[in-house]
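What follows is the residue order along each chain.
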Amino acid sequence: MDTTINDSLNCSMSYKEYRDLVKKMAENNSTTGLEKTEVYTDFTLLNDKRMKRWDKTLKISEESQQKILEFKHPITWLAIAESWCGDGAHMLPALNKVAELSKYIELKIVLRDENPELMDAFLTYGTRSIPKVIMIDNETGAVLNTYGPRPSEATAYVNRFKAKYGKLTPEFKEDLQHWYNKNKGQNIIEDITEMLCKLEPTVCQ
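Residues numbered from 1 in each chain as written. Predicted model: local features only at pLDDT ≥ 70, side-chain atom pairs only at ≥ 80, totals over all residues. Heavy atoms only, no water.

A. Representation of the overall build of the protein chain. Counting its secondary structure elements, the protein chain contains nine helices and four strands. The secondary structure elements of the protein chain, listed N-terminal to C-terminal, are α-α-α-α-β-α-β-α-β-β-α-α-α. Since a compact globule built from 205 residues should have a radius of gyration of about 17 Å, the 17 Å found for the protein chain is in line with a globular shape. In terms of its C-alpha atoms, the protein chain occupies a principal-axis envelope of roughly 45 × 35 × 35 Å. Of all 205 residues assigned to the protein chain, the portion counted as buried reaches 49%. Contacts in the protein chain between residues far apart in sequence, at least 24 positions, make up 75% of those at least 6 positions apart. Of the roughly 10,800 Å² of accessible surface on the protein chain, 49% is carried by carbon and sulfur atoms. Each charge class in the protein chain can be summarised by its mean position, and for the 28 positive and 31 negative side chains these summaries are 5 Å apart. (Helix = DSSP H or I, 4+ residues; strand = E, 2+ residues; numbered from the N terminus. Rg over C-alpha atoms; globule rule 2.2 N^0.38 Å. Buried < 20%, exposed > 50% of the residue type's maximum accessible area, 1.4 Å probe, protein only. Contact = heavy atoms within 4.5 Å. Areas by Shrake-Rupley, 256 points an atom, 1.4 Å probe, with all protein chains shown as cover. Lys, Arg positive; Asp, Glu negative; His and termini not counted. Charge placed at Lys NZ, Arg CZ, Asp CG, Glu CD.)

B. Up close: unusual backbone geometry. The residue after Ile130, namely Pro131, is reached through a cis peptide bond having omega 5 degrees. Along the chain, Pro131 turns up in the loop between helix 6 (116–121) and strand 3 (132–137). Residue Pro149 is reached from Gly148 by a cis peptide bond, and omega for that bond is 10 degrees. With respect to the helices and strands, Pro149 occurs in the loop between strand 4 (143–147) and helix 7 (152–165). Unlike most non-glycine residues, Tyr125 shows phi in positive territory, near 50 degrees. You can see Tyr125 is positioned in the loop between helix 6 and strand 3. Look at Tyr125 and you get exposed, because its relative accessible area is 79%. The residue Lys184 is not glycine, and still its phi comes out positive at about 60 degrees. Its location among the elements puts Lys184 in the loop between helix 8 (170–183) and helix 9 (186–199). Using a relative accessible area of 47% as the deciding quantity, one classes Lys184 as partly exposed.

C. Representation of helix 8 in the model. Compared with the 20 Å implied by 1.5 Å per residue over 14 residues, the 20 Å span of helix 8 between its first and last C-alpha is a close match. Taken residue by residue, helix 8 has Phe172, Leu176, Gln177, Trp179, Tyr180 and Asn183 as its buried positions. Down the axis of helix 8, the sector holding all buried residues measures 155 degrees, keeping them to one side. Exposed side chains of helix 8 directed beyond 90 degrees from the buried face belong to Pro170, Glu171, Glu174 and Lys182. In the core, the buried residues of helix 8 are packed alongside helix 3 (38–57), helix 5 (86–101), helix 7 and helix 9. Positioned one or two residues after helix 8, Lys184 has a phi angle of 60 degrees, which is positive. (Expected span 1.5 Å × (residues − 1). Arc of directions from axis to C-beta.)

D. Fine view of the nonpolar core. Core analysis: the largest hydrophobic core is formed by 37 residues, its most contacted members being Tyr18, Trp77, Leu92 and Ile192. Sorting elements by how many residues they give to this core places helix 5 first, with seven residues. Those residues within four positions of Trp77 in sequence are excluded, and the remaining contacts are Leu95, Val98, Ala99, Ile105, Glu106, Leu107, Lys108, Val133, Ile134, Met135, Ile192 and Leu196. In terms of nonpolar packing, the next biggest core, distinct from the first, is built from 14 residues, Tyr40, Trp84, Leu118 and Ile134 among them. (Core = buried A, V, L, I, M, F, W, Y, C linked by side-chain atoms within 4.5 Å.)

E. Geometry of a nonpolar patch on the surface. The grouping of Val39, Phe43 and Leu46 at the surface amounts to a nonpolar patch, some 250 Å² of accessible area in total. Turning to its location among the elements, Val39 is positioned in helix 3. (Patch = residues over 30% accessible without salt bridge, like charges linked within 9 Å, V, L, I, M, F, W, Y side chains within 5 Å. Salt bridge = Lys/Arg side-chain N within 4 Å of Asp/Glu carboxyl O.)

F. Quick peek at the packing of helix 2 (residues 15–27) against helix 3. The contact between helix 2 and helix 3 brings their axes to 8 Å, and the two run at 140 degrees. Comparing the axis directions of helix 2 and helix 3 gives the class oblique. With respect to the hand of their crossing, helix 2 and helix 3 are arranged in left-handed fashion. Contacts from Tyr15, Tyr18, Arg19, Val22, Lys23, Met25 and Ala26 of helix 2 reach helix 3 at Thr44, Leu45, Asp48, Met51, Lys52 and Asp55. (Axes fitted to C-alpha atoms, helices over the stretch in contact; angles between N-to-C directions. Parallel < 35°, antiparallel > 145°, perpendicular 65-115°, else oblique. Left-handed = near helix turned anticlockwise from the far one by under 90°.)

Okay, here's the thing in structure tokens:
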């Protein structure tokens, strides 16, 4: 296994530990990461509420549950995140729901700013975009795939807007949050299930 990945795994958190950290940061009007700004603090408070809601309400369809339960390839999902990241607040609860269904999938989380070497090894178009999920084969240590920083439909939505207007506006970012709320994590679950099928094709037969 790559030394950088192994070092990050050794200092990683479980999803519960990450949720406890975000909750603590929100209660103390603080944030993870190097930039302790008021904006990031406000996002952390908002994300704690978002994650709490998804932890309680997010559902996985019976069809997806069946595919997840049939997956039997031991893997670890190493997710890079920060408490202020809006996309992470929507994605991590969905990933956790999937991992909870399977004894072959373990979700671990590290903070971006505490793991710069790991982050720089998995950039998105040259940027440190998060969340980023690294899918690791437990037996070989090989990186099987990556996922993030957004689900497929949201990525297409963002790319179309950037192509037309050059950059994301505050109004667009608000619209994107509405999309997440309406989609209820289903695009994330669909993306992840498809990736599991590619790793173990018999799952989808």
